[in-house]
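Observations on the three-dimensional arrangement
For reference, the chains in residue letters:
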Amino acid sequence: MNKNSISFKIKDLVQMFKSTIFCILILLSCDNKPQHTTFDITKHIECSLEDCIEEYAIYPLKSDIPINQIEFGMSFDSLTFYKSSNGKEIYYFINNEYISKLASIGRGPGEYMNINNYTYNPHNNTIVISSENEKFHIYSLPDMNIVRTVNRDGFVKGMYPLSDSTILTVNHCDEKFQNGCGIYIVNINNGYSTLIEEIPYMNSFWFSGNEFTQTDSSILIPVSGCPNRIIEYKNKNINDIAHITYKNNNIPKEIYANDISKIDKKIDFTNFFLGNDYKIGCFYPIITDSLTTLWHTPKTNSQYQYMMLAYNNSSYINFSFHIPGINRRIIPDYVANGYYVLIIQEPIDYLIDTSESLSKLGKEIIDTMKKQNNNNPILLYFKIKPSILNELP
């Protein structure tokens, strides 16, 4: 073999090596891009919730005092918190037993008239609330005494703890906040906020407050819009995990493509969603190796529907659930340790659907409600079958 031939083969090998490295880099960069999927949700399966879950549990909220209508549940191991539906109180439970409540209503120091959003901070055992007076109030547990008050920027749609001094927030634009809608890290010692991901007005508009989902190693932030996005906060970085759109969503491009964070466009934006049908939503995602589930509320014929989308790499199905004999829409109120949680607090006479027989789960719900003091709420925890796409009811 001559020297030219050897030289030629070495050049080939070097070029092959460079090409291989390039391909690997391309593949790695593709892996970092969010998967964008379009789903046709016009067809869906209506089925009993019991046929689609692998396990469930019913827990009464135990309290000697009446619990007002509650919403925005938040769970941290054995600790759970709920905001009253009138926006005045935060209830604190350990193992579903009432401990105390925050009710510092007023206009004095450490007081508020309404709670916009809140979070528990396990790093220093405090409650952080965002009030209507452009402030964060921090209260100690379990006594609910004021620790400090700091000014805030923008309208906070939701928050989640990061450390004893920082929280993750989703901020919404208003007349006084011109820094843009987005995901922020906020120092609750001084109120200073740092934008880490700008999001469109539509995304922050649809964020409801308690939709952050804690996984083993990250925080998931679902933001509804065009597209719907599942964003992951991990190791101080923001990554898009998935972009999701619904076929024929009926949302014109001018609603989401233009800069409608400007004040003069907001009324048109709100009026569109009040007066038109649409398909949008990305709430309470749970992601496992074999299945992703999330919830959405399409509006059809001026009526809202409550649905769960389940999908993996090869297939998807849209579900609407019911519990036989129970008159209650099925959409989670929050996520706790990998379970979906429903807060059931309707009067028993309203809950019982006399048009059909109670299922086993329905009977357990009614029996638990009947035993409750003061007609206080109960909780239904459930997990969706990982094999739901292969074992249709």
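Use the structure listed above.
Here we summarise the structure given alongside this text. In every chain, residue numbers begin from 1 and rise along the written sequence. Predicted model: local features are reported for residues with pLDDT of at least 70 only, side-chain atom pairs are reported and counted for 80 or more only, and whole-chain, interface and lining totals are derived from all residues. Note that the side-chain values use all heavy atoms of the structure and ignore hydrogens as well as water.

On to the overall build of the protein, then. Per the convention used, a helix needs a DSSP run of H or I reaching at least four residues, while a strand needs a run of E reaching at least two, with both numbered from the N terminus. Broken down by element type, the protein carries six helices and 28 strands. Relative accessibility decides the category of a residue: with a 1.4 Å probe and only protein chains considered, values under 20% of the type maximum give buried, values over 50% give exposed, and everything between is partly exposed. Each of the 393 residues in the protein was classed as buried or not, and the buried ones make up 49%. Accessibility throughout is a Shrake-Rupley quantity obtained with a 1.4 Å probe, and a residue counts as covered only by protein chains that appear here. When the accessible area of the protein is evaluated, it comes to approximately 19300 Å², of which 49% is carbon and sulfur surface.

Cis geometry marks the peptide bond from Leu141 to Pro142, where omega comes out at 0 degrees. Of note, Pro142 is situated in the loop between strand E10 (135-140) and strand E11 (146-151). The omega torsion of the bond from Cys226 to Pro227 falls at 5 degrees, within 30 degrees of zero and hence cis. Note on placement: Pro227 falls in the loop between strand E17 (219-223) and strand E18 (228-234). Positive phi, normally seen in glycine, also occurs at Met144, with a value near 60 degrees.

This part covers the packing of aromatic side chains. Only Phe, Tyr and Trp rings are paired, with Trp represented by its six-membered ring, and only when their centres lie within 6.5 Å; those with planes under 30 degrees apart are stacked, over 60 edge-to-face, the remainder tilted. Overall, the coordinates contain 21 aromatic pairs when judged by the stated rule. Judged by centre distance (5.0 Å) and plane angle (50 degrees), the ring pair of Phe39 and Tyr311 falls under tilted. Linking Phe39 in strand E1 (residues 35-39) with Tyr311 in strand E24 (residues 307-311), this pair joins segments that are 272 residues apart in sequence. This pair shows no difference in class: Phe39 is buried, exactly as Tyr311 is.

The next point concerns the state of the cysteines. Each disulfide is one covalent bond, formed between the sulfur atoms of two cysteines. Disulfide: a pair of cysteine sulfur atoms within 2.5 Å of each other. Considering all chains together, one arrives at zero disulfides under this definition. Here Cys52 stays unpaired: no disulfide links it, and the sulfur of Cys47, its closest cysteine neighbor, is 3.2 Å away.

Time to look at the sheet that holds strand E12 (residues 155-161). The rule for pairing is simple: two strands pair if DSSP sees at least two bridges between them. As summarised here, the arrangement of the four strands in space is E12-E13-E14-E15, forming an open sheet in which the pairing is antiparallel. Two strands close off the open sheet at either side, each with one partner strand: E12 and strand E15 (193-198). Pairwise comparison of adjacent strand axes, ignoring direction, gives a mean angle of 30 degrees for this sheet. Axis angles are defined between N-to-C directions and span 0 to 180 degrees, where every axis is a line fitted to C-alpha atoms and, for a helix, only to the segment in contact.

Since there are 3.6 residues in each turn of an α-helix, residues three or four apart along the chain are aligned in direction. Where helix H6 (residues 360-370) is concerned, the buried positions are Leu361, Gly362, Ile365, Ile366, Thr368 and Met369. The buried residues of H6 occupy one face: seen down the axis, they fall within an arc of 165 degrees. In H6, the exposed residues that point more than 90 degrees away from the buried face are Lys360 and Lys370. Here, residues are in contact when the closest pair of their heavy atoms is within 4.5 Å. As for H6, its buried residues are in contact with strand E3 (53-60), strand E27 (339-344), helix H5 (348-351) and strand E28 (378-384). What the arc measures is the spread of directions leading from the helix axis to the C-beta atoms.

On to the pattern of salt bridges, then. Salt bridges, as used here, are contacts in which a Lys or Arg side-chain nitrogen is within 4 Å of a carboxyl oxygen on Asp or Glu. Counted by the stated rule, this structure contains seven salt bridges. Close ionic contact of Asp240 with Arg229 constitutes a salt bridge, the shortest N to O distance being 2.9 Å. Residue Asp240 is located in strand E19 (residues 237-246), and its partner Arg229 is located in strand E18; the two are separated by 11 residues in the primary sequence. The same class applies to Asp240 as to Arg229, namely buried. For Arg328, the salt bridge identified is with Glu346, shortest N-O distance 3.4 Å. Of this pair, Arg328 sits in the loop between strand E25 (316-322) and strand E26 (334-336) while Glu346 sits in the loop between E27 and H5, placing them 18 residues apart in sequence. Each of Glu197, Arg229 and Asp240 takes part in a single network of salt bridges with overlapping partners.

With that settled, consider the nonpolar core. What we call a nonpolar core is a set of buried Ala, Val, Leu, Ile, Met, Phe, Trp, Tyr and Cys residues that are connected through their side-chain atoms within 4.5 Å. If you look at the biggest cluster of nonpolar residues, it comprises 41 residues, and the most contacted ones within it are Phe81, Met202, Ile221, Ile251 and Phe273. Residues in contact with Phe81, not counting those within four places in the same chain, are Phe72, Gly73, Met74, Phe76, Ile90, Tyr91, Tyr92, Tyr118, Tyr120, Ile127 and Leu141. Of all hydrophobic cores here, the second largest spans 34 residues; its members include Ile53, Tyr284, Met308 and Ile331.

Taken together, the four strands give an open sheet; going across it, the order is E3-E28-E27-E26, and neighbouring strands pair in antiparallel fashion. Strand pairing shows two members of the sheet lacking a second neighbour, E3 and E26, which therefore form its edges. The average undirected angle you get between the axes of adjacent strands in this sheet is 30 degrees. Of the pairings in the sheet, the one linking E3 to E28 comprises seven bridges and is antiparallel in character. Within E28, the position partnered with Ile53 by the bridge is Ile384. Across the sheet, H6 lies against E3, E27 and E28, angled at about 10 degrees from E3, the strand it touches most.

Here we come to the environment of Asn327. Along the chain, Asn327 falls in the loop between E25 and E26. Beyond its immediate chain neighbours, meaning those up to four positions away, Asn327 contacts Tyr350, Leu351 and Asp353.

A word on the pairing of strand E13 (residues 166-172). Along E13, seven of the seven residues are buried, which leaves the element largely enclosed by surrounding structure. The alternating pattern of E13 places Thr166, Leu168, Val170 and His172 and Ile167, Thr169 and Asn171 on opposite faces, both of which are buried. For E12 and E13, the ladder comprises six bridges, and the chain directions are antiparallel. In the sheet register, Phe155 faces E13, and the bridge partner there is His172. Connecting E12 to the next strand, E13, in antiparallel fashion are four residues. Strand direction decides the pairing type here: E13 and strand E14 (residues 182-187), joined by six bridges, are antiparallel. Within the sheet, the bridge partner assigned to Thr166 lies in E14 and is Asn187.

Any functional reading would require information that these geometric values do not contain.
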